[in-house]
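If you want the building blocks of each chain, they are given just below.
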Amino acid sequence: MQHALKAAAIEANERRERAGIEVNGAMPGLYVQFESQPGVPLQVTSLEDSRQGIEVVAVSQSKTEEAEPRRIEHATVFVPDGKVKHFLKRFESYSKTTRKKKGERRYQDMIDPVSTLRLATLRCLWTDTSETYPEENETIWWEVWLRRQDGSELERLMEFAAAQEIDVAARRLMFDDRIVTLVRSTPVQLAASIDVLNDVAEVRKAKETATVFVDMGPEDQGEWALELRDRVSPPSADAPTVCVLDTGVTRGHPLLEASLDSADCHTCEPAWGTHDHHGHGTEMAGLALFGDLVPVLASAEHVVLRHRLESVKILPPDGQPENPPDLYGAVTAEAASRAEIQAPERRRTFSMSIAATDERDRGQPTSWSAAIDALAAGRSFDPSTQGLDYHDDGDNPAQRLFVLCAGNIDETALSVDHLDRSDIDPIHDPGQAWNALTVGAMTEKSVISDPAWASWQPVARPGELSPWSTTGVTFAEAWPIKPDVVFEGGNVVKNAVGATDYGCPDLSLLSTHFKPASKPFVLSWATSAATAQAARLAALISADYPSYWPETLRALVVHSAEWSAQMQTHLRGASGKRALAKLVQRYGFGVPNTERALRSANDALTLVAQSRIRPFIKGKMGELNFFDLPWPRDVLAELGASPVRLRITLSYFIEPNPGRRGWKHRHRYASHGLRFEVKGPTESAEEFRKRLNKQALEEDEAKPAKGGDSSEWYLGAQARNRGSLHSDFLSCNAADLAERGVIAVYPVSGWWKDQPKRDRSDKGARYALVVSIETPGVETDIWTPVAAQVGIPIAIEP
């Protein structure tokens, strides 16, 4: 390695001389890339020394080309001229064969994981996906991340850009230790920057934004829409659907027509028509089918659609009487029945990006939210009685998944201090519905390149809650954690005097316009846009797993979610589990990931169980369900003290009792509750059962929780056991988890127990249990041993 480092230093000087560019104030140095042994993580922090000016600037991963690929880590380190000796001394110490003296360091922790090192190229600073790296002479917009040092970083970049005749955007984003700006060039032009500048930390491909499409004229937009239509394979006739409950959908839009049959366009009132009179419904339909259109339009890839659309118009057009506010529950119920009468056997997810505008309920059930809970639980709308009844009183009522928006901050109340504003603006009715998947908005959109918005700055940092999103922070502890998850909902802007505005194309999503002859595309934002994307993910899961229940789809969406790095800065600063719970009521369980929701990775095993339980028997607590899971016990035991993470999500639908009569005993809102627990590593089966019985009794008697193993869990029982969806994480060592392969689901009280005549326990209460084990940073296959136990075919490379 000493030889390789010396050779890299010589080559760096040669490349600098060949570039022939001098930049005032640039500190000469070289970028060195360290590559790990396959399956062995680098000790990244050991590679830098801030006192010497040596800094790790970029870390990326690749995988070996093996039947069972192993991860390789790459760390690119900036080394100032004259500081190469820092590493040479460590390599010399490492290579010594003499007996180690007391207190002497040989730097094995730093050097053992390293396979090779080399002089870095521009590609070594690329931290985006490898397949998006441009061809050598392809001109693109780059996100260039500069190290903040002396305040002159941008001046040096501009001087370099002038010498290379490349463009630098006027906009930039300042962080504590980084400056992000946009540069338009080829890789060949930009490559010299790492030889003559000491400021570049990493490069990525600039995010495509809606600006380029909304700035086009109608004719150009139409050509782009037709180009996309021609590379779309429409869904099959029996594909699952997203049923959009909104203002109607323009079926004739070229991007929607093949996925929305005329027979699947409905209205609650025939006089309204099924057309979109407003635009909101068609906008939601585009997002529910494609997601944000920007990356889809910018790509040249073939698009295979695996779900369809349905539309029910639930809002009256101009000139028609508005729906009475207290009847929106009935309107929603009738809308669901219209779609189901047309196609009773179809798998569907209902998507509703409409909410009340008042904030007075603060988590308490209303007629609208209770109607959605009842519909989700399997009740259906009876037109003759205008009631919600069980049409099939057998064991399989038609449970439904409703995806609801959290509701938006009013545009007049958008604030520069957006988190404070969102925390006091509660989720709007019916987003508090227990059985729904409620969706808030976050944003990664934070770079403005449109000259029309040159005097404005984004309000929210990337990865933060969108300024549009309401939250459940003010909900009382009796009510569910809401929102459940957050999706991209765009950002808003602020100016120098603190005024806010919205509609900046760079900070918005793109969807389908309801008058495609005028313009095919429209900007979209806020929790409405986030909700349509969440419904799309539920439909994608349903397409892959046709036997999964609505409860399971909801569980998998939530289980796939993770908090962004920006969200985690707040979570890490929380003082105790109560404070953590408040932050989860802001962010939900984070941002869902499609790949995690659909597949288990080798180092992230996910197990899914769908089952039933009888919560009560003759007014007393009923069954306990135990799962002796196909645990990768031997693999976990071999990992010993390695850290692992267990995540469990339990999803079920309660039957509501919405009258506001104190919410206790026979007047409780929920028909029943379910809880999960994990056996302790040294606990016997009988001890485990006794602990569960005691916990169920204490919750029934409303005794404060104490003891138990809550402290091991990220949220703990008190914070997570709210509503009808419970998700939590347990971090421990692998050997400990190896002995905890039994999970129990058990009931706690609800009004079914106190009203035996209305108790439906004998039908069995359905639930979905999702369990995953992650071994972050440890290269081991925990999926294959479990697959072998449960009989899943395992592909073997020839």
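Look above for the structure.
This structure is a prediction, so every number in the text was calculated from the model and none was measured.

### Overview of the overall build of the protein chain
1) Next: Along the protein chain, the regular secondary structure elements total 24 helices and 34 strands.
2) Next: With 798 residues in all, the protein chain has 57% of them scored as buried.
3) Next: By sequence separation, contacts in the protein chain at least 24 residues apart represent 79% of the contacts at least 6 residues apart.

### Side note on the sheet that holds strand 19 (residues 457-458)
1) Next: The strand order across the open sheet formed by 3 strands is 19-22-23, and the pairing between neighbours is antiparallel. Edge positions in the sheet fall to strand 19 and strand 23 (500-501), since each of these pairs with one other strand and no more.
2) Next: Across 2 bridges, strand 22 (residues 493-494) lies against strand 23 in antiparallel orientation. Residue pairing for strand 23: V493 is matched across the bridge by D501.

### As for helix 17 (residues 577-587)
1) Next: Restricting attention to buried positions, one finds in helix 17 the residues L580, A581, L583, V584, Q585, R586 and Y587.
2) Next: On its buried face, helix 17 is in contact with helix 13 (418-424), strand 20 (464-465), strand 21 (485-488), helix 16 (565-572) and helix 21 (717-720).
3) Next: Downstream of helix 17 by one or two residues, G588 has phi in the positive range, about 60°.

### A word on the sheet that holds strand 33 (residues 742-748)
1) Next: Read from one edge to the other, the open sheet built from 3 strands follows the order 29-33-31, with strand pairing classed as antiparallel. Each edge of the open sheet carries a strand with a single partner, namely strand 29 (625-628) and strand 31 (673-678). Geometrically, the sheet is characterised by an average inter-axis angle of 20° between neighbouring strands, direction not taken into account.
2) Next: Across 6 bridges, strand 31 lies against strand 33 in antiparallel orientation. Of the residues in strand 33, the one forming a bridge with R675 is Y746.

### Topic: the pairing of strand 25 (residues 521-524)
1) Next: Burial along strand 25 is two-sided: the face carrying F521 and L523 and the face carrying V522 and S524 are both buried.
2) Next: Alignment of strand 24 (residues 509-512) against strand 25, held across 4 bridges, turns out to be antiparallel. Residue S511 lies in a different strand from strand 25, and its bridge partner there is V522.

### Observations concerning the nonpolar core
1) Next: Grouped together as the largest cluster of nonpolar side chains are 75 residues, with contacts concentrated most on F290, L510, I541 and F589.
2) Next: With residues near it in sequence (within four places) discarded, F589 still touches I481, D484, V485, V558, A561, E562, W563, V584, R647, L715, L725 and S727.
3) Next: Counting 39 residues, the second largest nonpolar core, distinct from the first, contains A406, W631, I654 and V771.

### Describing the pairing of strand 18 (residues 437-443)
1) Next: Within strand 18, 7 of the 7 residues are buried, which leaves the element mostly enclosed by the surrounding structure.
2) Next: In strand 18, alternate side chains face the same way, and those of L437, V439, A441 and T443 on one face and T438, G440 and M442 on the other are all buried.
3) Next: By the bridge criterion, 4 bridges tie strand 18 to strand 21 in an arrangement that is parallel. What sits directly across from G440, in strand 21, is V486.
4) Next: Here 2 bridges tie strand 18 to strand 20, and the two strands are oriented antiparallel to one another. Counted as the bridge partner of M442 is L465 from strand 20.

### A look at the packing of aromatic side chains
1) Next: Summed over the entire model, instances satisfying the criterion amount to 22 aromatic pairs.
2) Next: Measuring from centroid to centroid gives 6.4 Å for F213 and F521, while their planes differ by 70°, and the two rings are edge-to-face. Note that F213 is positioned in helix 7 (residues 211-214) and F521 in strand 25, a separation of 308 residues in sequence. Each member of the pair, F213 as well as F521, carries the same accessibility label: buried.
3) Next: Three or more aromatic residues joined by ring pairs form one cluster here, namely W126, Y133 and W142.
4) Next: Of note, R720 hangs over the ring of W713, and the distance from its end group to the ring centre comes to 4.9 Å.

Quick notes on the rules
- Residues numbered from 1 in each chain as written.
- Predicted model: local features only at pLDDT ≥ 70, side-chain atom pairs only at ≥ 80, totals over all residues.
- Heavy atoms only, no water.
- Helix = DSSP H or I, 4+ residues; strand = E, 2+ residues; numbered from the N terminus.
- Buried < 20%, exposed > 50% of the residue type's maximum accessible area, 1.4 Å probe, protein only.
- Contact = heavy atoms within 4.5 Å.
- Pairing = 2+ DSSP bridges.
- Axes fitted to C-alpha atoms, helices over the stretch in contact; angles between N-to-C directions.
- Core = buried A, V, L, I, M, F, W, Y, C linked by side-chain atoms within 4.5 Å.
- Phe/Tyr/Trp six-rings, centres within 6.5 Å; stacked < 30°, edge-to-face > 60°.
- Lys NZ or Arg CZ within 6 Å of the ring centre and 35° of its normal.

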